[in-house]
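Structural characterization, general
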Amino acid sequence: MPYRHVLAPTACSVEKGVIAVSQQGQLIRLKSRARDGEPLWAYRYRTGGRNSERVQRGGFTSERDAAEALQRELERLRRQRRVAGSLTLAELVDAYLAQHDVEPVTIEKLRWLLAKAVAVFGDRPVGELRSEEIAGWRIALSAGYRFDATQALRQVLARAVVWGMIDSNPAKLGVDNPSPRRREQRPFESWAELDAVAANLAPRYRPMVIFAAATGLRPAEWLALEWRDIDVEARVVYVHRSFTKGRLKCPKTEASRRAVLLQTIALDAIEQQPSSRQSALVFPAERGGYLDLHNFRNREWKPAQVAAGTEPWRRVYDLRHTFATFALRSGISTFDLSRYMGASLTMIDRHYGHLARDGREHAIRLLDELSAGQRPRWTLVDAAWTLEPAAAASEGDGTTG
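Residues numbered from 1 in each chain as written. Predicted model: local features only at pLDDT ≥ 70, side-chain atom pairs only at ≥ 80, totals over all residues. Heavy atoms only, no water.

1. Some thoughts on the overall build of the protein
- Looking only at helices and strands, one finds 15 helices and nine strands in the protein.
- Residues classed as buried in the protein amount to 39% of the 401 residues present.
- A separation threshold of at least 6 residues defines the contact pool for the protein, and within that pool the share at least 24 residues apart is 54%.
- Counting every atom, the protein has about 23900 Å² of accessible surface; 50% of that belongs to carbon and sulfur. (Helix = DSSP H or I, 4+ residues; strand = E, 2+ residues; numbered from the N terminus. Buried < 20%, exposed > 50% of the residue type's maximum accessible area, 1.4 Å probe, protein only. Contact = heavy atoms within 4.5 Å. Areas by Shrake-Rupley, 256 points an atom, 1.4 Å probe, with all protein chains shown as cover.)

This is the structure:
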């Protein structure tokens, strides 16, 4: 079978109808045929080197059409590579952020993180960035933002890979970026310990702190809570929005838009919280509007802990951890807790799994009771849908409970 070379030929063997080869692509005669009985054609090429992704396009009615389409595609790739060779990291960051469809506050955070890389590599063409250089840059960063800044750079360069500007991500291959050690969680050990702190707060803030610990809402969520979000009769609070960094936001995930049960302590806190016709917020600032959490920490929260003799000091966010700790101690499953807190089951298990009564030891005890012929005190699933002994006897007697 004669070869018809599209570009400079390379050595090859004839296989499965491949009849034309170039240094960057191949023309293929397919087994399928057009309606007129003539064979259909396709082309294929690799996006980079020998081990890079291979792309194939088919359905051409002639070899010439396939060859011309291949030429256009290869020219497009060459243009992209020329752009990648001239586009600097600073220009790529600007292009990425301009099309990144997220909240403005997220763009601001990304821009701040990416500025760490732009300060060092901003003038460098994207195609010239090397993993060993990025690894050295990363390790020199402050530990406080090292992980996030590296993740942000990876995110931008991953888009450059998708756009065909580079073949691989130099901030990922050969650049380790382990997750930072989790900050120690310090929930309150008891309601009495939290009450001691609340007693040293200004009266208007006491219900807020108790409510936060009784519901597990994030600070940004209870700051944005409105009276219309609370259904006292149904004993439910609905989370629809959050307030952070001066902006009101709608939750970005379905899990965050959720209904949280109101236990008696939370209901009591709501009853003690005075409502104001001037504000729809449940926990507004003293003069209305959203509460400044930074000022609250410094002027109320920290002094109250000092007065109560609390050791170690707790963060405001530890009120959320307190809810999770108390809930698991009471026997609520990690699955239910993940729904109430608007967090993934994996996250709940990682942070609080050791506190769960439905953990490993509890499961072993249930299995041992079942294997010993004893009926467990309770079961998670009754696969056979069997009746309780008393119910079965009643049914056999024709009586009802």
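Next comes the rest of the account.
2. Some remarks on the pairing of strand E6 (residues 236-239)
- Here two bridges tie strand E5 (residues 230-231) to E6, and the two strands are oriented antiparallel to one another. Paired with Asp231 across the two strands is Val236, which belongs to E6.
- In this antiparallel pair of consecutive strands, E5 and E6, the connection spans four residues, and Arg235 shows a positive phi of 60°. (Pairing = 2+ DSSP bridges.)

3. Some words on helix H13 (residues 345-352)
- Buried residues of H13: Ile348, His351 and Tyr352, and no others. Along H13, the residues classed as buried sweep out an arc of 80° about the axis, all on the same side. (Arc of directions from axis to C-beta.)

4. Section: the environment of Ala234
- Tracing the chain through its elements places Ala234 in the loop between E5 and E6.
- Judged by relative accessible area, which is 43%, Ala234 ranks as partly exposed.

5. Some details on the nonpolar core
- Counting residues in each nonpolar core, the largest one holds 38 residues, and the members touching the most others are Phe211, Trp222, Phe296, Trp301 and Leu319.
- Within the residue set of this core, elements represented by two or more residues are helix H6 (191-198), helix H7 (206-215), helix H8 (219-223), E6, helix H9 (264-272) and helix H10 (293-308).
- Of the residues forming this core, the biggest block, seven residues, is contributed by H7.
- Beyond its immediate sequence surroundings of up to four residues, Leu319 is in contact with Phe188, Leu194, Val209, Ala212, Ala213 and Trp301. (Core = buried A, V, L, I, M, F, W, Y, C linked by side-chain atoms within 4.5 Å.)

Note that all results are geometric; they support no functional claim without further evidence.
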